[in-house]
Amino acid sequence: MQDETESFPNPSFLRKLSYSSSHLVLLTNTLEKPRAFGYYFQSAESSLLTIHPAPKRLPIHWENALYELYPTKRKVDWTQRDDIGQIELENSRRYDRPNRNPMNPYKNHSECVPMHKWQTQSFPTCNLIHETDLGQFFSFMDHVGGGNYNKERQQRQEPRHIDLVHELVRLKAHGYFRDVYEIKDHDKLSKVAFKTNRFERTFDAWTLDRHRMDALVMDRMTRSTHIMDIYGYCGVGSLVEYATGDLMHMIYKEQARDVSRMRRGVQLNKENKFLRRLRYGLEVANAITDLHTIESTDGIHSAIVHADIFTNQIVKSEKGLWKLNDFNRCTFLYWNTTSDNETCPYVYTDYNAGLFRSPEEYAYTLQSEKIDVFALGNILYVLLTDNEPFDDMREEHNSTMIKEFVQNGLKPHLERDLYVSDDPSVKAIIEAMEMCHELDWRKRTRAIQVRDYLEKQLSIIISHIDDNKNISYGSAGNGKPRVQHDKNKEEGTLLNS
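Residues numbered from 1 in each chain as written. Predicted model: local features only at pLDDT ≥ 70, side-chain atom pairs only at ≥ 80, totals over all residues. Heavy atoms only, no water.

### Topic: the overall build of the chain
The criterion, for reference: For the purposes of this entry, the term helix denotes a DSSP run of H or I that reaches at least four residues, the term strand denotes a run of E that reaches at least two, and both are numbered from the N terminus. A 1.4 Å probe rolled over the protein chains alone gives each residue an accessible area, and that area as a share of the maximum for its type sets the label: buried under 20%, exposed over 50%, partly exposed in between. Residues are treated as being in contact if the distance between any of their heavy atoms lies within 4.5 Å. Accessible surface is estimated by sampling points in the Shrake-Rupley manner with a 1.4 Å probe; for residues, cover comes only from the protein chains shown.
Regarding its fold elements, the chain presents 14 helices and 16 strands. Counting over 497 residues, the chain shows a buried share of 47%. A sequence separation of at least 24 residues applies to 68% of the contacts in the chain between residues at least 6 apart. Counting every atom, the chain has about 26500 Å² of accessible surface; 49% of that belongs to carbon and sulfur.

As structure tokens, then:
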């Protein structure tokens, strides 16, 4: 790689070159393929993304066979409008998107200072990242001596093909900012996830800072068993713990399993389902509490706001734990030096998409870590109903209207059979959800209080299950009530179970 002091082509040219083909695999027909994650620059634009010495190319018939066996999963549509947009970016004041959230929301507020030194630091491990090789996406096995290339085919002089044995790298998923690749570790068995900037996104200082903050949070939260682990970070790439699926993926699997059981005539046990969902909700509350209480024992002075909690940010580790993931939209809270022991709220100026957010986010007013608590209430709603908030309103109202309803205090709809249920797990989830959905963020409870409430309720429920585990709490809306729930108190009380 040439000297880094050479002039770099602008990022818009880099992205435009990447789009020269709609298939990522076919990009190798015109460019040498880099063997490691990262960005490679040199003065000659015609050979951009090349490293020296260049890796040896596969024979062309191997490339064709590879594409036939495993065509790319991703296509990027590049229109004439996109070309015009790229040209405008070459000399445009809009390039830096002044409406989006600044790297430091307290830039114009001198009274706000960092709570911790690490909030302004970065700890990259670039050597570790660049040890990850992308030069060979697959392992291959020749047909000679067995397999499909048998003696009969040899006698007919059929051309040899390539058997795909196992993938070393696979495009697994993507979010708004990043692509996620599943990678086999050095033992070719263990899985890790590699996250890097999507081709569609701008490569600039703001993007770099988003990735810095994401890696920094995961690094600081290593001690928590409820936050995804990180193994390395550099630039816009990071190696993190592998996840087997997210919350909605789990719900869809459980729904499919329930349908299969009903078809076989197996009676479903809703009590076990809601008790299980209560446990899941407690795990999520633990994750958010850990995030908000880093280097704080009372949960009052939070240093980090996730600011983007959806069902797809709650992922399941290979060990079966639900963990909080993806912090590239987070905000670091600062101290307010003009007040006694308080942090500075902030304003997020970029677009707040989705119907999972708090009223203050849709109103673009002052925000704090309480927006995560409101999102926790929506997670509990999903666990209770198997539906995302306001799914029942989408046919008659657009998202803008629903956001206005939320600002005015609208809460997700619950069926009557859940409200009148005598299942203590249902009662606990509903109460915790209502604690989270307080309209005024200043009055809204904290994550640690929700965590403590759910933990206490779960302990009460388990303590009243007898040794044979055969106690029934009655189906939702039926049976004699066995739970007395006083909303003026912090917890429900089981009666004569």
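### Points about the pattern of salt bridges
Here the idea is simple: oppositely charged side chains can pair when their charged atoms come close. The criterion, for reference: The working definition used for a salt bridge is a side-chain nitrogen of Lys or Arg within 4 Å of a carboxyl oxygen of Asp or Glu.
Tallying each qualifying case throughout the model produces 18 salt bridges. Here Lys323 ties to Glu241 by a salt bridge, and the two come within 3.1 Å at their closest N and O atoms. Of the two residues, Lys323 sits in strand E12 (residues 322-324) while Glu241 sits in strand E8 (residues 237-241), which places them 82 residues apart along the sequence. On the basis of relative accessibility, which here comes to 7%, the residue Lys323 falls in the buried class. Connected via shared salt-bridge partners are Glu254, Lys273, Arg276, Arg277 and Asp386.

### Observations concerning the state of the cysteines
The condition is simple: Here, a disulfide means two cysteine sulfur atoms that sit within 2.5 Å of each other.
Tallying each qualifying case throughout the model produces two disulfides. Here Cys112 connects covalently by a disulfide to Cys344, the sulfurs 2.2 Å from one another. Here the disulfide of Cys112 and Cys344 is left-handed, its torsion about the S-S bond being about -100°. Here the residue Cys112 occupies a position in strand E1 (residues 112-114), and Cys344 occupies one in the loop between strand E14 (334-336) and helix H9 (359-363), the gap between them amounting to 232 residues. Look at Cys112 and you get buried, because its relative accessible area is 9%. Using a relative accessible area of 3% as the deciding quantity, one classes Cys344 as buried. Shown here is the disulfide that connects Cys126 with Cys234, its sulfur atoms set 2.1 Å apart. Here the S-S torsion is close to 85°, and the disulfide linking Cys126 with Cys234 is therefore right-handed. Taken as a pair, Cys126 in helix H4 (residues 126-130) and Cys234 in strand E7 (residues 230-234) lie far apart in primary sequence, 108 residues in all. Using a relative accessible area of 16% as the deciding quantity, one classes Cys234 as buried. Cysteine pairing for the chain (bonded cysteines numbered in sequence order): 1-4, 2-3.

### Thoughts on the confidence of the model for the chain
To be explicit about the condition: Residue-level confidence of the predictor is summarised by pLDDT, bounded by 0 at the bottom and 100 at the top.
Here the chain averages 75 in pLDDT, while 66% of its residues score no lower than 70. Predicted confidence for residues 136-150 stays below pLDDT 50, and this span has 36 contacts to residues more than four positions away or in other chains.

### Looking at the sheet that holds E12
Formally: DSSP calls a pair of strands paired once it identifies at least 2 bridges connecting them. Note on method: axes are straight lines fitted to C-alpha atoms, helices fitted across the in-contact stretch only, with angles between N-to-C directions ranging 0 to 180 degrees.
Spatially, the three strands line up as an open sheet ordered E9-E11-E12, and their pairing is antiparallel. Across the chains shown, the open sheet's two edge strands, defined by having one partner strand only, are strand E9 (243-246) and E12. Pairs of neighbouring strands in the sheet enclose a mean axial angle of 40°, with direction left out of account. Where strand E11 (residues 314-317) lies against E12, three bridges are found, and the strand directions are antiparallel. Bridge pairing in E12 links Ile314 to Leu324. Packing against the sheet, helix H8 (residues 270-292) makes contact with E11 and E12, and its axis sits at approximately 30° to E12.

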